[in-house]
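Listed below, chain by chain, are the residues.
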Amino acid sequence: MIVEDEPALRRDLVEYLSLLGYASKGVASCQEMNEELGAGSPPDVIILDIGLPDGSGFDMARDIRRRCDCGVIMLTALGDSEDRTTGFDSGADIYLVKPASLQEIRAGVQSLLRRLPNAGKAAIHEAGPWRLNAVDWHLAAPSGKTIKLTATELSFLTALFERVGQPCSRDWLAQAIIRPQAAADIRNLDTVVNRLRRKIRQAVELEPPIKMIYGQGYIFSAPCRIER
């Protein structure tokens, strides 16, 4: 369960963890979290923001510890020593400061699932990686379906795959896909991305894990590897 009041971040985390094969759900407040915990079996891991609109994540962590035996990852903008100490004293197993990378969050979830005695309910299947074949210019989805890429699309995906889990700025990506003797063009980059997303949806029947993070750029939000 992701407890995060910022809609875009909550949506991205739910989608990313779902792509990894975990049954994931997002809520925006302490009240919604309490309703979910009271409605059925508790999750194996809760990713918890501290600054929630109707309460403190520190207080919620203490309440979680009283109510259920699950892993708690605090994901917050509060990063000084006192806040970290309070977080661990409140019951956090892992304390991550925003902007934590998706790879850090994935590693934290997997670490807790290995350590917790009741772990395993959330992992519904082990999703394979997306594979980029740099020799034959193919992108293969976890399902095994493939799509043929253009040179520009290959350059764009190579740039994202080489920095998986990290946002790549639009200016940097525009330079990465530039053709010889041409000028970098942000509008051309966005056109390439939109066309590639449609192409992937049609060819492999999956939602492309190419995400725009406001103010930072694009990111590939699923496990992946390059084959050369």
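First, a word on what this report is: a plain description of the structure on this page. Being a predicted model, the structure only gives us computed values, none of them experimental. All residue numbers refer to position in the chain's written sequence, counted from 1. Selection of residues for local features in this predicted model requires a pLDDT of at least 70, selection of side-chain atom pairs for listing and counting requires 80 or more, and totals for whole chains, interfaces and linings are taken over all residues. Based on all heavy atoms of the structure, the side-chain values leave hydrogens and waters out of the count.

Another point: helix H8 (residues 186-204). The terminal C-alpha atoms of H8, which comprises 19 residues, lie 27 Å apart, in line with the 27 Å expected from a rise of 1.5 Å per residue. Using a 1.4 Å probe on the protein chains alone, a residue whose accessible area is under 20% of its type maximum counts as buried, one over 50% counts as exposed, and one in between counts as partly exposed. Secondary structure counts use DSSP, requiring at least four H or I residues in a row for a helix and at least two E residues in a row for a strand, with both numbered from the N terminus. Leu189, Asp190, Val192, Val193, Leu196, Arg197, Ile200 and Val204 are the residues of H8 that are buried. An end-on view of H8 places all buried positions within 155° of arc, on one side of the element. Away from its buried face by more than 90 degrees, H8 exposes Arg187 and Gln202. Taken from the residues just after H8, Glu205 is the one with a positive phi, measuring 60°. One fewer than the residue count of a helix, multiplied by 1.5 Å, yields its expected span. By construction, the arc corresponds to the directions joining the helix axis to the C-beta atoms.

Attention shifts here to the packing of aromatic side chains. Note on aromatic contacts: the rings of Phe and Tyr and the six-membered ring of Trp form a pair at centre separations within 6.5 Å, being stacked when their planes are under 30 degrees apart, edge-to-face when over 60 apart, and tilted otherwise. Considering all chains together, one arrives at 4 aromatic pairs under this definition. Arranged with centres 6.1 Å apart and planes meeting at 85°, the rings of Phe156 and Tyr218 form a pair that is edge-to-face. Of this pair, Phe156 sits in helix H6 (residues 151-162) while Tyr218 sits in strand S12 (residues 217-220), and the two are 62 residues apart along the sequence. Tyr218 matches Phe156 in its accessibility class, with the two residues each being buried. A network of ring pairs unites the aromatic residues Trp130, Phe161 and Phe220 as a single cluster. Placement of a charge over a ring requires the Lys NZ or Arg CZ to be within 6 Å of the ring centre, with the centre-to-atom vector within 35 degrees of the ring normal. One residue, Arg163, lies across the ring of Trp172, its end atom 4.7 Å from the ring centre.

Here helix H1 (residues 7-19) contains 13 residues, and its C-alpha end-to-end distance of 18 Å stays within 8% of the 18 Å for a straight helix at 1.5 Å per residue. Taken as a whole, H1 has its buried residues at Arg10, Leu13, Val14, Tyr16 and Leu17. The arc enclosing the buried residues of H1, seen along the axis, measures out at 165°, which places them on a common side. Positioned one or two residues after H1, Gly21 has a phi angle of 105°, which is positive.

Space inside the largest pocket adds up to approximately 560 Å³. In terms of lining, the largest pocket is formed by 24 residues, of which the most central are Ala8, Leu9, Asp12, Ile213 and Gln216. Every element with two or more residues in the lining of the largest pocket is listed here: H1, helix H5 (102-115) and strand S11 (210-213). The leading source of residues in the lining of the largest pocket is H1, at 7 residues. Classes in brief: Ala, Val, Leu, Ile, Met, Phe, Trp, Tyr, Cys and Pro nonpolar; Asp, Glu, Lys and Arg charged; the others, Gly included, polar. A breakdown of the residues in the lining of the largest pocket according to their chemical character gives 14 nonpolar, 4 polar and 6 charged. A cavity here means a set of 1 Å grid points, computed over protein atoms only, where a 1.4 Å probe fits but cannot escape. A pocket is an open set with protein on both sides within 12 Å along at least 5 of 7 lines, and lining residues have an atom within 4 Å of a point. Grid points are joined across faces, edges and corners, and a volume is the space filled by probe spheres set on the points. If you add up the space inside the second largest pocket, you get close to 390 Å³. If you go around the second largest pocket, you meet 21 residues; those closest to its centre are Met1, Ala23, Pro43, Asp44 and Val45. It is helix H2 (residues 30-39) that contributes the most residues to the lining of the second largest pocket, 3 residues altogether.

Backbone hydrogen bonds hold the strands of a sheet together, and the pairing may be parallel or antiparallel. Strand pairing requires that DSSP identify at least two bridges connecting the strands. Pairing is mixed in the open sheet, where 4 strands are placed in the order S10-S9-S8-S13. Edge positions in the open sheet fall to strand S10 (146-148) and strand S13 (224-227), since each of these has one partner strand only. Put simply, the sheet's adjacent strands are angled 20° from each other on average, direction ignored. The sheet contacts of H6 involve strand S8 (130-133), strand S9 (138-140), S10 and S13, and relative to S8 the element is tilted by about 130°. Sheet contacts for H8: S8, S9 and S10; angle to S10, the most-contacted strand, approximately 135°. Note on geometry: axes are C-alpha line fits, over the in-contact stretch for helices, and angles between N-to-C directions span 0 to 180 degrees. Whether two residues are in contact is decided by their heavy atoms, any of which lying within 4.5 Å being enough.

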